[in-house]
Amino acid sequence: MLAKDSSLTRTEKGEVIDKDSSFTWYVGTIDEANAFIGLARVFSKDEKVRETLLEIQKMLFLVGAEPSLQKLSEKDLEWMLERVEEFERAVKKPHRFIILEKDESTAFLSVARAVVRRAERQAVRLYREGKARLLAVEWLNKLSYLLYLMILKEGGGDFEEI
């Protein structure tokens, strides 16, 4: 039989919550995304992608704390939008669906993107519950798109169209 406190965890604010709460699912998914982004960074062949992924990893700590501590700022969203514009200029976007995964780096970025999309859905749930700001949802949405652009950049425009 499990001890009562083994199913509980403590937030940075010191609140005791269930380990399967919306908040802990969100934070756990942000942790997963950060791990896959780190893996993609290690395998990336592109210096700009590696640099940007490192900055994203640092910012994900703010995003993971977002529901309880509200550390994410409008400036962080502006940074994300600037990176999106930068990578949009650097890649040619396909006009059809494509298979994104062509090597280790594009595959890891693709998995990171899928996990970020899950985190975004969980952030939406927290937002609807009044436990997170819309800013976290928007930041994660733009991160998902940025990861897509990074996949295109890493792949050098050579993808299999569907």
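This text goes with the structure placed above it.
Residues numbered from 1 in each chain as written. Predicted model: local features only at pLDDT ≥ 70, side-chain atom pairs only at ≥ 80, totals over all residues. Heavy atoms only, no water.

Caption draft 1: Looking closely at the packing of helix 3 (residues 74-90) against helix 5 (residues 134-155). Between helix 3 and helix 5, whose axes approach to 9 Å, the crossing angle comes to 20 degrees. Put simply, helix 3 runs roughly parallel to helix 5. The hand of the helix 3/helix 5 crossing is left-handed. From helix 3, Glu 74, Asp 76, Leu 77, Met 80, Leu 81, Arg 83, Val 84, Phe 87, Glu 88 and Ala 90 reach across to helix 5, where they touch Leu 135, Glu 138, Trp 139, Lys 142, Leu 143, Tyr 145, Leu 146, Leu 149, Met 150 and Lys 153. Among the residues making up the contact of helix 3 with helix 5, the classes are represented as 13 nonpolar, no polar and 7 charged. (Axes fitted to C-alpha atoms, helices over the stretch in contact; angles between N-to-C directions. Helix = DSSP H or I, 4+ residues; strand = E, 2+ residues; numbered from the N terminus. Parallel < 35°, antiparallel > 145°, perpendicular 65-115°, else oblique. Left-handed = near helix turned anticlockwise from the far one by under 90°. Contact = heavy atoms within 4.5 Å. Nonpolar A, V, L, I, M, F, W, Y, C, P; charged D, E, K, R; others polar.)

Caption draft 2: Focus on the layout of surface pockets. What the second largest pocket holds in volume is close to 160 Å³. Contributing to the lining of the second largest pocket are Lys 92, Lys 93, Pro 94, His 95, Ile 98, Leu 152, Gly 157, Phe 159 and Glu 161. Of the residues belonging to the lining of the second largest pocket, the class tally is 4 nonpolar, 2 polar and 3 charged. (1 Å grid on protein atoms, 1.4 Å probe; cavity = no way out; pocket = protein on both sides within 12 Å on 5 of 7 lines; lining within 4 Å. Points joined across faces, edges and corners; volume = space filled by probe spheres on them.)

Caption draft 3: The arrangement of helix 5 in detail. With 22 residues, helix 5 should cover 32 Å at 1.5 Å per step; its first-to-last C-alpha distance of 32 Å lies within 8% of that length. In terms of residue burial, helix 5 counts as a mostly covered element, since 16 of its 22 residues are buried. (Expected span 1.5 Å × (residues − 1). Buried < 20%, exposed > 50% of the residue type's maximum accessible area, 1.4 Å probe, protein only.)

Caption draft 4: Summary view of the pattern of salt bridges. Inspection of every chain in the model, using the stated rule, returns 12 salt bridges. Asp 103 is the partner of Lys 45 in a salt bridge, and the nearest nitrogen-oxygen pair spans 2.7 Å. Separated by 58 residues along the polypeptide, Lys 45 in the loop between helix 1 (22-43) and helix 2 (47-69) and Asp 103 in the loop between strand 3 (98-99) and helix 4 (104-128) bring together distant segments of the chain. Taking relative accessible area as the criterion, Lys 45 reaches 52% and is therefore assigned exposed. Among the residues examined, Asp 103 registers a relative accessible area of 22% and is labelled partly exposed. Arg 83 serves as the salt-bridge partner of Glu 86, at 3.1 Å between the closest nitrogen and oxygen. Of the two residues, Glu 86 and Arg 83 are both situated in helix 3; the distance of 3 residues between them amounts to about one turn of the helix. On the accessibility criterion, Glu 86 (22% relative accessible area) is partly exposed. Note on Arg 83: relative accessible area 14%, which makes it buried. Overlapping salt bridges bring together Lys 48, Glu 82, Arg 83 and Glu 86 as one network. (Salt bridge = Lys/Arg side-chain N within 4 Å of Asp/Glu carboxyl O.)

These figures come from the coordinates and say nothing about function on their own.
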